[in-house]
Amino acid sequence: QVQLVESGGGLVQPGGSLRLSCVGSGFIFSNYNLGWYRQASGKQRELVALITSGGVTVYADSVKGRFTISRDNAKNTVYLQMNSLKPEDTAVYYCNTKRPTILSTEYWGQGTQVTVSS
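Thresholds, definitions, all that
Residues numbered from 1 in each chain as written. Predicted model: local features only at pLDDT ≥ 70, side-chain atom pairs only at ≥ 80, totals over all residues. Heavy atoms only, no water. Helix = DSSP H or I, 4+ residues; strand = E, 2+ residues; numbered from the N terminus. Buried < 20%, exposed > 50% of the residue type's maximum accessible area, 1.4 Å probe, protein only. Polar contact = N/O pair within 3.5 Å; in protein donor to acceptor, adjacent residues only side chain to side chain. Pairing = 2+ DSSP bridges. Disulfide = S-S within 2.5 Å.

Draft legend 1. Representation of the side chain of Asp89 in the model. With respect to the helices, strands and loops of the structure, Asp89 is situated in the loop between strand S8 (77-82) and strand S9 (91-98). Residue class for Asp89 comes out buried when judged on its relative accessible area of 1%. Here the side chain of Asp89 touches Arg38 through a polar contact of 3.0 Å, side chain to side chain.

Below is the structure:
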């Protein structure tokens, strides 16, 4: 029932910007934490940014000052604004949601490709 649908990925030159969107359905959006993860080729999936149901944000050190996570509960949407993109940001980006409970189930979107290249 829980679904996450992502959009906004694509090809961008170094220094450029992209905004990713993820629309959730099948759950009470405002009660869930939301996160963006990424997985580069040959690498493990890693947390990029997290926003809790209370609006608290956490960022990976590698993206601090460049990326911003936000949520619009009225639209059931979480965003990742990515500025000053670098080639090392190239990865598949995944939307994630989870109730703020240790053992609760995690749900994932299908992923969207972000490629930063000149």
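Here the narrative resumes, following the displayed structure.
Draft legend 2. Representation of the pairing of strand S11 (residues 112-116) in the model. The alternating pattern of S11 places Thr112, Val114 and Val116 on a buried face and Gln113 and Thr115 on a face that is not buried. Bridging between strand S2 (residues 10-12) and S11 involves 3 bridges; their strand directions are parallel. The residue of S11 that forms the bridge with Val12 is Val116. The sheet contact formed by S9 and S11 spans 3 bridges and is antiparallel. Its bridge partner lying in S11, Ala91 is registered against Val114.

Draft legend 3. Representation of the state of the cysteines within the structure. A complete count under the given rule lists 1 disulfide for this structure. Across a sulfur-sulfur distance of 2.2 Å, Cys22 and Cys95 are joined as a disulfide pair. One quick way to see it: the torsion about the S-S bond of Cys22 and Cys95 is about -85 degrees, and its sign makes the bridge left-handed. With Cys22 in strand S3 (residues 18-25) and Cys95 in strand S9, this residue pair connects regions lying 73 residues apart in the sequence. The same class applies to Cys22 as to Cys95, namely buried.

Any link to function would need more than the numbers given here.
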